[in-house]
Every structure is written in structure tokens, then in C-alpha cells.
Protein chains: 2
Amino acid sequence: MGAPVPMIELWRGGRLESTHLGHAVICDEAGEIVESWGDPTAIIYPRSSCKMIQALPLLESGAADAHGLTDRQVALACASHQGAAIHTEAVTRWLADLGLSDDDLRCGAHEPYDTAERNRLIRADEKPCQCHNNCSGKHAGFLTLNRHLKGHADYVEVDHPVQQAAKQAFEEVTGETSPGYGIDGCSAPNFATSVHGLARAMARFAAATGTGDARDRAMHRMTRAMGQYPEMVAGEGRACTELMRAMGGRVAIKTGAEAVFIAILPEQKRGIALKITDGGTRGAEGAIAALLVKLGALDPDHPATKKRLNAIQKNWRGFETGDIRAAAAFP
Amino acid sequence: MGAPVPMIELWRGGRLESTHLGHAVICDEAGEIVESWGDPTAIIYPRSSCKMIQALPLLESGAADAHGLTDRQVALACASHQGAAIHTEAVTRWLADLGLSDDDLRCGAHEPYDTAERNRLIRADEKPCQCHNNCSGKHAGFLTLNRHLKGHADYVEVDHPVQQAAKQAFEEVTGETSPGYGIDGCSAPNFATSVHGLARAMARFAAATGTGDARDRAMHRMTRAMGQYPEMVAGEGRACTELMRAMGGRVAIKTGAEAVFIAILPEQKRGIALKITDGGTRGAEGAIAALLVKLGALDPDHPATKKRLNAIQKNWRGFETGDIRAAAAFP
């Protein structure tokens, strides 16, 4: 595997303090590399950055329409949300519509990232439920597909029809046979692919017209749903939400654990995938912002951009201590 | 500057997912390199890993003795604590003994890392105070020295006698003229040095006998105080506290922001300094554990070790997803 290259740097006192290396690919609608950094063949786990791929069978199978899912729910199925009230209420209602409850989820519970909801739980002496898990929207989607496929309750098992459908869609849109899978934080299998494969998949989403076959329509709908409901995809203050808003919803972007980021640019019919090899989130956020700025999709001076790229760092008393910037040769 | 080398890896599903690169040096009492990885001349900010250096003037000047500081307070002066009750109570009492209060600190306030204290604040609808800042023990030490030196109130300014004393001690023990400084999260200046310089300083701490000059006695006392009160240096669950306990207090270790870690090994008269170049804490914790195991100071099978090295990773439902391990060629 080729070496990753410097992408994002933290400077302090006029001196480089830390560096994030990574691989990145910009792909066109034919699946060809437009430009790349590091090694396009590097094998990665997309983690949550591929939730829109995992949700393809939900839409393509007709399950989403059969259950009358709204675009807001479709966006939530692609989300790594922060467990704010708007997210947990939407998941709870969705489960109720299926005649199911929190106990039917298989994602596990964790403290929500949303401060208001976290504090509410602490004050009420309540434990977080599985709805608070950042992946609970994806899992509500899995449960909806599972109802359609009449599978057994343990829908996260790798040989379950829900996950096999996700695997098939994944291999088709990446254009690669996955070399294997890992178990994700939410217990679902996460299939590996190359950075190129992930970018190729995102370029296909970008090129979807909404007038073609079931896959084309599913891809088109998901991209628009994410852009239309950015607050459902992550939450207030988060990179995906703020940067999609900064781009007027015309570009869909999604983060994944261990510093993966993708972007779908329908107007340019381009897909982007990147992985910061140390797994550092600030590196992935800075790098995707840099690539979106390079492609003219994101205003470098927008406050949402400047939180992550050419981002002044302040300490607890509000004094400037340094900044986060793109490395000299990137992008 | 030479390239950093792979030190710590995250594996998932039998596949490498993320890698932390770094520089590390093991130094002997003469200041010579015993072994190194990456570039020993790499310039780094030690951040909080050099708090025992910053506290040297407090002890050497006689200020600590004049104010009757206990070894527990000396450990707290070297700490990045998590703002638990034992830490905030100790700092508050220390300030009161000086006739000072929280308002005299210049470290800024942040939410404590200690869950119990964090939850108490949320339930009581209280804001964190500067005592909760992980550096408040160091700042109580600065204020004590400042009383002795009769300096002005803004003791974090780089030309203040307190910081100039810290700078002089820093350059003397690292054996290098610092190329400059950055402003730390707690507003104090943090002087840069090479990884070798930081390891050399720690070897000097390790070689201190407690029977020599004021510096020798100060170094000896701080190393023992940290080993004797590991809970004051960080807190329950934290790497510094747990690993020092696992080594029976015979080795002092200290983390710094952006993935710096040092170790002081008196029995071997060795000092260690390392920097993970991406700033990832899990990398620094794994790497210091690996070096301490290599030197025979830390049991590789101790639970505190196995939380950070050859550490099984579990997801929200308790399923194993992978592990954190040392890279094949490290150490």
C-alpha cells in the first residue's frame, strides 16, 4: 500500500505541532480518478460514511415506499446523528409506525453527543436508550427493510438478508469485490473497499438523475434528502450539518468513524472519498473542506469552513493559540 | 526533520484500520540516546508532559517549603487532573492558604473530565470554575512561586518572572536553547524542544538522588510525589494514574496534549519522551506502555496495560470489534 500524504496540520506559536496524513480520491461519473492524493488503492473501512450505500436496498426494494417513508426519514437513515430530541423523537416514532420499540434495535446505547439532551438525561437520572445511538436512524432503516424481507430479528448478523442486500449493493456501487468486513460500533458489518472504490460509489450517487432505474432513483433521492435535511444527518454544530448548509444543500457529505469523509457533488457529477490514516476527526473535517473549496463547491470564507480549515484555535480564556490549515502540497 | 515511524495500530476485522506514527527517545543519565525511533531531533511542544519542569522553580526557590507544601500538593502541581472533587478541593484549599481564590487563576474554566463531578455540576446547574481546569494544580504552583517572587498578577505572561524562571529551568534540563514557545490551553507559555531534549530532561529527573543540590532534591521529590499520589496526577480511569499504580509508583509518567508522553525511571536512570505526530492520545498511551513494557518496568498483562496495548476494542453492545497494538517494528 502506498504512503499517505500530509493533508491537515495544527500550528501553534508559528510552529508545526501535529500533522494528519491521508489518502483521497476525486472520481468522475465513469468511475475514473480525476485526481488523487496518497494511495487510491488503500483498503479502508468506510464506517458511517457509506450509510447511503447501506440504505440503498431500503429504497430499491420498495420497502421505503411501502412504509411511506418521508425524505426526512431517508436523511435520518443516512445519518450519524447526535441524539438530540429531533433525532430520538423521529426514530421513536418510526419504530412505533413499524409496531416496534427501542428494544428491537441492535445498535446499543451510548450517551448522546447533543449537550442539551445529554444534560436532560443526567438531570432526569435517565440512562440513554438505543435511540440515542448515532446510528439509530440507519437501524430503523434496517428494521424497515427487514419487515419487507421477513428476516429474523438479529438483522445485524452478516449472513442476514438485510446485511447481504447491503453487501451486494456495496460491491456493485464501489465496483469492487469487498476483501472482507469488520464489525462497526453499532454492531452492523462494515465492508472494506479501496478509497477509489468508495469515491467511485459516490460519483455514481452524484450522477444519478432520478429518472432511471430503481438504483438511480434511490441514489438521487438520498442525495437530495441529505441536502434538504442536513440537521437530521448529524446535528447542530456538527461538520456534516454545517458544511451542507454552507453549500445550500447542493452537495451531500458524510463522515465516518476513524476519519473517513465522502462527498457527493451532483452539479459536477463528482464523488470524493478520503481517509485520514490516524483516524483523527479534525483531520478528516479539514481535508474534506479543503477538497470542497478546491472544487469550488464551498466558500473558504464561510464560518462553517473556517471552523475546520484555516481555523483559528482558541484556548479556555479565548486567546488564540494557533490554527488548523491544509498542508502546503494539499490539495 | 526525519520521518516519524509507525508505533500504534488499530485493527478491525483482521485488517489494519488506522496507524499512529511518532518519534521516541530513551535517554540515559548522561543525556545520551540509548535507543530512538523516528527523529530524535524533531522539535515538539511538550505541553503538559513537562509540568514537573515548570514546577522546578517552585521547589528550588524555597517557595514550596516556605508555604509548607505537602508531597500531595507537589504531585498536583505536576498534574493534568480531571477535575474530580479530590482535585478541586485540594486546589481550592491551596488557594485559600495563599489568601487567594479561583479568580486569581489564569487557566480558564472547562467542563471537568470526571463524570461524577461533571454530572454534579449539571444537576446543580453550576458552571465549571477555573479549579476544574486540568492545569489548575500547576497554576496553584505558579501562584505560590509568584508570592515568593513578588511578581504581578498576570503570572502567565511570557516575560513574567514565574515564566522566565520556568524557561530557564526548561533550557537547563533539556540541555537546549528553546527555539520558541506557543501558548498552551491553560494560557501559560509552553517552550519547544527536541524529543531528545525532553528525554534528556527526564533522565535527569530519573538520576536525581535527593542528596544533591536544590535541583537534584526538587527532581527527586517530584518524581516520588507523582509515584506516591498517582490519583492526584490525573484521576480514576486515566492512563497516568492507572499505569503509575501498575508500576507500584516506582516510575513517574506524564501525558501532554497532542499526544506527548514522558516517563522517568529512577531504578534504571532512564528518561523517555515520545510524540505521536498526529496528536492522537490513544497512540501516545499505547506507545508509552509499549516502551515501559520493553524496559521491563510495566507488566504487559496488567489490566491497566491491556486497556492501552494489545487492547481489545468493544462496541456499544460489548462485542469485540478489534484491538489496539504496537506496530510490528515498534519498539
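Conventions used here
Residues numbered from 1 in each chain as written. Chains lettered and ligands numbered in written order. Predicted model: local features only at pLDDT ≥ 70, side-chain atom pairs only at ≥ 80, totals over all residues. Heavy atoms only, no water. Helix = DSSP H or I, 4+ residues; strand = E, 2+ residues; numbered from the N terminus. Contact = heavy atoms within 4.5 Å. Lys, Arg positive; Asp, Glu negative; His and termini not counted. Charge placed at Lys NZ, Arg CZ, Asp CG, Glu CD. Least-squares fit on C-alpha atoms with pLDDT ≥ 70 in both. Buried area = accessible area lost by both parts, 1.4 Å probe. Salt bridge = Lys/Arg side-chain N within 4 Å of Asp/Glu carboxyl O. Polar contact = N/O pair within 3.5 Å; in protein donor to acceptor, adjacent residues only side chain to side chain. pLDDT = per-residue confidence, 0-100. Phe/Tyr/Trp six-rings, centres within 6.5 Å; stacked < 30°, edge-to-face > 60°. Buried < 20%, exposed > 50% of the residue type's maximum accessible area, 1.4 Å probe, protein only. Lys NZ or Arg CZ within 6 Å of the ring centre and 35° of its normal.

## Details of the overall build of chain A
Here comes step 1: Secondary structure summary: chain A contains 14 helices and 12 strands in total.
Here comes step 2: Taken over the C-alpha atoms alone, chain A extends approximately 60 × 50 × 35 Å along its principal axes.
Here comes step 3: For chain A, the proportion of contacts with a sequence separation of at least 24, taken over those separated by at least 6, is 62%.
Here comes step 4: With 36 positive and 40 negative side-chain charges, chain A shows a spacing of 4 Å between the two charge centroids.

## So, the environment of B:Trp37
Residues and elements named next belong to chain B.
Here comes step 1: Secondary-structure assignment places Trp 37 in strand E3 (residues 33–37).
Here comes step 2: Considering only alpha carbons, one finds Trp 37 and Leu 309, 272 residues apart in sequence, at a separation of 18 Å.
Here comes step 3: Not counting residues within four places of it along the chain, the set of residues in contact with Trp 37 comprises Val 5, Met 7, Gly 22, His 23, Ala 24, Ile 26, Leu 291, Lys 294, Ala 329, Phe 330 and Pro 331.

## Some thoughts on the relation of the copies chain A and chain B
Here comes step 1: The transform that puts chain A on chain B rotates by 180° and translates by 0.0 Å along the axis, for an RMSD of 0.0 Å. This pairing of chains is accounted for by a two-fold axis. Proximity to the rotation axis, assessed at the C-alpha, singles out A:Arg123 in chain A; its C-alpha lies 2.6 Å from the axis.
Here comes step 2: Mapped onto chain B, 100% of the interface residues of chain A again fall at the interface, so both copies present the same surface.

## Observations concerning the interface of chain A and chain B
Here comes step 1: Taken together, the contact pairs 45 residues of chain A with 45 residues of chain B.
Here comes step 2: Carbon and sulfur atoms supply 47% of the area that chain A and chain B bury against each other, a total of about 3,600 Å² over both sides.
Here comes step 3: Interface area lost by chain A to chain B is led by A:Arg15, A:Trp316 and A:Arg317, which between them contribute 18%.
Here comes step 4: Counting across the chain A and chain B interface gives eight salt bridges.
Here comes step 5: A salt bridge links B:Glu258 to A:Arg282, with the nearest nitrogen and oxygen atoms 2.7 Å apart.
Here comes step 6: Summed over the shared surface of chain A and chain B, the result is 32 residue pairs in polar contact (both at pLDDT 80 or more).

## Re the confidence of the model for chain A
Here comes step 1: Residue-level pLDDT values for chain A average 97, and 100% of them are 70 or greater.
Here comes step 2: Here the complex is predicted with pTM 0.97, and the ipTM for its interfaces comes to 0.97.

## Observations regarding the packing of aromatic side chains
Here comes step 1: Inspection of the entire model under this criterion finds eight aromatic pairs over all chains.
Here comes step 2: Ring geometry for B:Phe142 and B:Tyr155: centres 5.9 Å apart, planes at 50°, overall tilted. In this pair, B:Phe142 is assigned in helix H7 (residues 136–149) and B:Tyr155 in the loop between H7 and helix H8 (161–174), connecting sequence segments 13 residues apart.
Here comes step 3: Taking relative accessible area as the criterion, B:Phe142 reaches 2% and is therefore assigned buried.
Here comes step 4: Between the aromatic rings of B:Tyr181 and B:Phe191, the centroid separation amounts to 5.8 Å while the plane-to-plane angle is 55°, which identifies the pairing as tilted. With a gap of 10 residues between them, B:Tyr181 in strand E5 (residues 181–183) and B:Phe191 in strand E6 (residues 189–191) connect regions that are remote in the sequence.
Here comes step 5: Here B:Tyr181 falls in the partly exposed class, since its relative accessible area comes to 34%.
Here comes step 6: Put simply, the rings of A:Phe170, A:Tyr181 and A:Phe191 pair up and form one aromatic cluster.
Here comes step 7: The ring of A:Trp11 has A:Arg325 sitting right over it, with the charged end atom 4.1 Å from the ring centre.

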